[in-house]
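Each chain, written out:
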Amino acid sequence: MKQLRILAALAAVALIAAGVFVYFEKPLAPEVSFTILQGGKADTVRLDTASLRGKVTLVSFWATTCSTCIEEMPDLADTYKKFAERGLDIIAVAMEYDPEPQVRAYAEKAALPFKVALDRDGEVALNFQGVRMTPTAFLIDRQGRIVHKYLGKPDFGALHALLEKLLAESA
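Let me begin by describing the structure that accompanies this report. Just so it is clear, the structure is predicted and the values come from calculations on it, not from any experiment. (Residues numbered from 1 in each chain as written. Predicted model: local features only at pLDDT ≥ 70, side-chain atom pairs only at ≥ 80, totals over all residues. Heavy atoms only, no water.)

Quick word on the overall build of the protein
- The number of helices and strands found in the protein is 6 helices and 7 strands.
- Of the regular secondary structure in the protein, the N- to C-terminal order runs α-β-β-α-β-α-β-α-β-α-β-β-α.
- Looking at the protein alone, contacts between residues at least 24 apart form 70% of all its contacts between residues at least 6 apart.
- With an accessible surface of roughly 9,500 Å², the protein has 58% of that area assigned to carbon and sulfur atoms. (Helix = DSSP H or I, 4+ residues; strand = E, 2+ residues; numbered from the N terminus. Contact = heavy atoms within 4.5 Å. Areas by Shrake-Rupley, 256 points an atom, 1.4 Å probe, with all protein chains shown as cover.)

Concerning the pattern of salt bridges
- Following the criterion strictly, the structure yields 8 salt bridges and no others.
- Residues Glu164 and Arg86 are paired through a salt bridge, measuring 2.9 Å at the closest nitrogen-oxygen approach. Here Glu164, found in helix H6 (residues 156-168), pairs with Arg86, found in the loop between helix H3 (67-83) and strand S4 (88-94); they are 78 residues apart in sequence, far enough to count as distant.
- Residue Arg104 is joined to Glu100 by a salt bridge in which the shortest nitrogen-to-oxygen separation is 2.8 Å. Residue Arg104 and its partner Glu100 are both found in helix H4 (residues 100-109); the two are separated by 4 residues, about one turn of the helix. (Salt bridge = Lys/Arg side-chain N within 4 Å of Asp/Glu carboxyl O.)

Overview of H4
- Taken together, the buried positions of H4 are Val103, Arg104, Tyr106 and Ala107. Relative to the axis of H4, the buried residues are bounded by an arc of 165 degrees and lie together on one face. Opposite the packed face of H4, turned more than 90 degrees from it, sit the exposed residues Pro101, Glu108 and Lys109.
- Phi for Ala111, located one or two positions after H4, is positive at around 50 degrees. (Buried < 20%, exposed > 50% of the residue type's maximum accessible area, 1.4 Å probe, protein only. Arc of directions from axis to C-beta.)

Looking at unusual backbone geometry
- Looking along the chain, the bond that leaves Thr134 and enters Pro135 is cis, with omega of -5 degrees.
- Residue Gln129 is not a glycine yet carries a positive backbone phi of 60 degrees.
- Mapped onto the secondary structure, Gln129 falls in the loop between helix H5 (123-127) and strand S6 (136-140).

Let's talk about the side chain of Thr136
- Tracing the chain through its elements places Thr136 in strand S6.
- Using a relative accessible area of 2% as the deciding quantity, one classes Thr136 as buried.
- Within polar-contact distance, the side chain of Thr136 engages the backbone oxygen of Met133 at 2.6 Å.
- The residues contacting Thr136, other than those within four sequence positions of it, are Val59, Ser60, Phe61, Val131, Lys149, Tyr150 and Leu151. (Polar contact = N/O pair within 3.5 Å; in protein donor to acceptor, adjacent residues only side chain to side chain.)

Describing the packing of aromatic side chains
- Counted by the stated rule, this structure contains 5 aromatic pairs.
- Taking the centre distance of 5.1 Å and the plane angle of 50 degrees together, the rings of Phe128 and Phe138 count as tilted. A residue pair is termed long-range when its members are at least 10 positions apart, and Phe128 in the loop between H5 and S6 and Phe138 in strand S6 qualify at 10 residues. The same class applies to Phe128 and to Phe138, which are both buried.
- Three or more aromatic residues joined by ring pairs form one cluster here, namely Phe61, Phe128 and Phe138. (Phe/Tyr/Trp six-rings, centres within 6.5 Å; stacked < 30°, edge-to-face > 60°.)

Comments concerning H6
- Look at H6: 18 Å from first C-alpha to last across 13 residues, which is about the 18 Å you get at 1.5 Å a residue.
- Those residues of H6 hidden inside the fold are in contact with strand S3 (56-62), H3, S4, S6 and strand S7 (146-151).
- For H6, the N-terminal cap is Asp155; the gap from its side-chain oxygen to the backbone nitrogen of Gly157 is 3.0 Å. (Expected span 1.5 Å × (residues − 1).)

Observations regarding the nonpolar core
- In terms of nonpolar packing, the biggest core is built from 32 residues, with Leu58, Trp62, Met73, Phe114, Leu139 and Leu163 touching the most fellow members.
- Among the elements of the structure, S3, H3, S4, H4, strand S5 (115-118), S6, S7 and H6 are those that each provide at least two residues to this core.
- In terms of residue count, H3 provides more of this core than any other element does, 6 residues in total.
- Apart from the residues within four sequence positions on either side, Leu139 is in contact with Val56, Thr57, Leu58, Arg145, Ile146, Val147, His148, Tyr150, Leu159, Leu162, Leu163 and Leu166.
- If you look at the next biggest cluster of nonpolar residues, it comprises 18 residues, including Phe34, Ile36, Val59 and Phe128. (Core = buried A, V, L, I, M, F, W, Y, C linked by side-chain atoms within 4.5 Å.)

Fair warning: the whole summary comes from geometry, so function is off the table for now.
Dropping the structure here:
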C-alpha cells in the first residue's frame, strides 16, 4: 500500500511538472494578414508565424483618438531607430474604428519609421487575444512566440532591456 501511495505521489508530481511546463510555454503569434500603409495606397502583406522568425517584432495596437497611444509614439519611433538594425520590427496596428485618412495623416505628420497597418475589419485585434484596449502591444521573439503582452504604455527601460536580451539570442 505504501508503494502505491509513493507511485501515486510521483505521478502527481510528474503531472504538475508537465502542467507547469505547458503553462510557461510561450504561445505562437497568430497567423494574420496586415494591411500596411505604403505611399498613397494600402497594400496587404501576409504575416504568419514563419515570416516572423528571425526578427523580434513588436505588434502595437493603437488609435489616433487614444492620447496614451499618441504620447508613446515618439518612444516607439526611438525604440525602432535604436534596435532596427539588430533585427527589431514594429508594426503599429490602427484599430478598426480609426478612419484610414486620419491614420495616414498622423503617420505622415509624425514621420513614423516603422510599418503602420489598418485593422479594417477587427480581425487582427480579434486574433491577438481579442484586443480592445489601446495601447496594447505584443513582443514576439525570433521563433514567432509571444514573450510579453503590454497593456497601456510600456516601461520603455524594461522593454529595451528585454529587447537587448531577445536580440542577442541567435535566430
